[in-house]
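The primary structure of each chain is shown beneath.
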Amino acid sequence: MPDAFGAALLIARKDLAIEFRTRTAFFSAVVFALLAIVIFFFAWDPTAVAASDLAPGVLWVIFTFSGLLGLHRSFGVELADRALDGLLGAPVPRHAIYLGKAMANLVFVLAIEVIAVPAVALFYDMPLGGARGVAALAALLILAAIGLVAVGTLFAAMSVNTRLGELLLPMLSLPFFVPIVIPAAQTTARLLAGRPVAESIGWIKILLAFDLVFVAACTMAFPYTIED
Amino acid sequence: MTAGVSAPARRAVEAEALVRAFGPRRAVDGVSFAIDAGECLAVFGPNGAGKTTLLRVLAGLLRPTRGRAFVSGVALPGGPEARRRIGFISHASMLYAALTARENVELAARLFGVADPRDAAARALDAMRMTPHADTAVRALSRGMQQRVSIARAMVHGPSVVLLDEPFTGLDASGAAALSNALGVLRASGAALVLVTHNLDEGLSLATHAAIMRGGAFVRYEPRGPIDPRAYAESYRTLVAPDA
């Protein structure tokens, strides 16, 4: 039998193969992200708000809501023809299913970030601060994506079987996204303004702490959300 | 959790006063039976009798509300060790429409830790006469063909207990023959079967034990041995008539 990590990789690979072939959630998320950037851009008054003040907020609104599209889809594919029963009937630990789903969702959110960040930089004429700035921003985006995906995957599993799943997922997830989005947006603002990373170290520590807590708690809670 | 608790004797499948309730309603109500390796229990009953719920409890997908169920001596819902022994064919195909038949079966083989998943998937699909369609996306297959892939998926790991929920539904003659053949091979290798069906002829042709379920309970349960199919059909009509 595969160990938990091996099973998680199998499940993640399966989810990504399905998304790669159908591209439904990814295209929806990318279109949403680009439309949101354009709408924010035309609603923006550059004489009233500096680009460096607005761009971090735009980025994190986009990541949060476009990520939700992928999170909802991740368990939606398991409902059709009750494929989830196939996973639950397999001799793999329940938390391996969660980790596999979370890994695939992480790739999904990171792929959206890879498209949205250059688009925001282009529209708002934001310098990304050279290779060091890009590396720091990339590390921050990965850290924040882990937190968002950890919480979102758990709530996607909880809400998928309910009649109002599409409404319930954001209602449950968004309050728990707040402790991830605040430090992420604060650090993004400083990085985009060209400030040194050391200035944001407090926010990064908070982000790391929430990542650890959310990943551990959600991994432990997941089996209780899917067992009947 | 009761995983790891062993039944006194290691029957292939055993239920003791099994109850599964949804709120106040008991979908399975005090079911008891036992079958050994190589035996087949056929469960007949009208819609809503609790047959599918019974199978889902035996598959470890639902937790018993009361009573106990065992697979090879492991108490259900059990852990990975119990699930490794079970193959479950349900109403729903449990397949991913965007993946090919081969990918679906191979994924199951990998999750069940089969030594050579690619070869096992090819053999399982061949047993269900699906080799020509192995690389077709499931969404492009007919309902009957999806059912065949679903059966290959459930059998790819060589389960010692196979739970079948109306497995012949949607199959054409060729598919039904392939399924009967595959079930025969599994039984010869010592697998125990629990078959839920509406079709008395189909069920009795495979069964060593038969039960009629109504209102969540077995209203008739016996080893098949001397059963006269015609008399059994008459008995079935009498017993389920109030629900029909």
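Residues numbered from 1 in each chain as written. Chains lettered and ligands numbered in written order. Predicted model: local features only at pLDDT ≥ 70, side-chain atom pairs only at ≥ 80, totals over all residues. Heavy atoms only, no water.

(A) Spotlight on the interface of chain A and chain B. Counting from both sides, the interface comprises 29 residues of chain A and, opposite them, 26 residues of chain B. Here chain A meets chain B over a buried area of about 2,400 Å², counting both sides, of which 59% is carbon and sulfur. For the salt bridge of A:D85 with B:R56, the shortest nitrogen-to-oxygen distance reads 2.6 Å. Linking chain A to chain B there are ten residue pairs in polar contact (both at pLDDT 80 or more). Secondary structure elements with two or more residues in the side of chain A that touches chain B: α1 (4-22), α3 (51-79) and α4 (83-88) of chain A. Among the elements that make up the side of chain A that touches chain B, the one with the highest residue count is α1(A) (nine residues). (Contact = heavy atoms within 4.5 Å. Buried area = accessible area lost by both parts, 1.4 Å probe. Salt bridge = Lys/Arg side-chain N within 4 Å of Asp/Glu carboxyl O. Polar contact = N/O pair within 3.5 Å; in protein donor to acceptor, adjacent residues only side chain to side chain. Helix = DSSP H or I, 4+ residues; strand = E, 2+ residues; numbered from the N terminus.)

(B) Quick look at the domain arrangement of chain B. All names here are of chain B. Segmenting chain B into domains produces domain 1 (1-84 + 160-168 + 190-244) and domain 2 (86-158). Taken over C-alpha atoms, the centre of domain 1 sits 25 Å from the centre of domain 2. On the side of domain 2, twelve residues touch domain 1, which itself brings 19 residues to the contact. A buried area of about 1,200 Å², summed over both sides, lies between domain 1 and domain 2, and 59% of it is on carbon and sulfur atoms. (Domains from an automatic or database assignment.)

(C) Focus on the packing of aromatic side chains. All names here are of chain A. Using the criterion set out here, one finds 15 aromatic pairs over all chains in the structure. Ring geometry for F26 versus F108: centroids 6.0 Å apart, planes at 80°, classification edge-to-face. Placement of F26 in helix α2 (residues 24-43) and of F108 in helix α5 (residues 94-123) is noted, with a sequence separation of 82 residues between them. Exposure remark for F26: the relative accessible area of 21% places this residue in the partly exposed category. (Phe/Tyr/Trp six-rings, centres within 6.5 Å; stacked < 30°, edge-to-face > 60°. Buried < 20%, exposed > 50% of the residue type's maximum accessible area, 1.4 Å probe, protein only.)

(D) Representation of unusual backbone geometry within the structure. All names here are of chain B. Residues L76 and P77 are joined by a peptide bond in cis, for which omega reads 10°. In this model, R129 sits at a positive phi of 55°, which is unusual for a non-glycine residue. Examined against the element boundaries, R129 turns out to sit in the loop between α4 (117-127) and α5 (143-155). Given a relative accessible area of 41%, R129 falls into the partly exposed group.

(E) Looking closely at empty space enclosed by the protein. With the rule as written, the count across this model stands at four cavities of 30 Å³ or more. By volume, the largest cavity is sized at about 130 Å³. A:D85, A:G89, B:I86, B:F88 and B:F112 are, among the 15 residues lining the largest cavity, the residues nearest its centre. The set of elements that each furnish at least two residues to the lining of the largest cavity consists of α4 of chain A together with β6 (86-89) and α5 of chain B. The biggest single contributor to the lining of the largest cavity is β6(B), with three residues. Here the lining of the largest cavity is composed, by residue class, of eight nonpolar, four polar and three charged. Taken domain by domain, the makeup of the lining of the largest cavity includes at least three residues from each of domain 1 (1-84 + 160-168 + 190-244) and domain 2 (86-158) of chain B. Its volume calculated, the second largest cavity comes out at about 100 Å³. (1 Å grid on protein atoms, 1.4 Å probe; cavity = no way out; pocket = protein on both sides within 12 Å on 5 of 7 lines; lining within 4 Å. Points joined across faces, edges and corners; volume = space filled by probe spheres on them. Nonpolar A, V, L, I, M, F, W, Y, C, P; charged D, E, K, R; others polar.)

(F) Region of interest: the packing of α5(A) against helix α8 (residues 201-226) of chain A. All names here are of chain A. Orientation of α5 relative to α8, taken along the N-to-C sense of each, is 110°, at an axis distance of 8 Å. Regarding the angle of α5 to α8, the classification is roughly perpendicular. Here the hand of the crossing between α5 and α8 comes out right-handed. Residue-level inspection shows R94, H95, I97, Y98 and L99 of α5 in contact with α8, the latter providing C218, T219, F222, P223 and I226. (Axes fitted to C-alpha atoms, helices over the stretch in contact; angles between N-to-C directions. Parallel < 35°, antiparallel > 145°, perpendicular 65-115°, else oblique. Left-handed = near helix turned anticlockwise from the far one by under 90°.)

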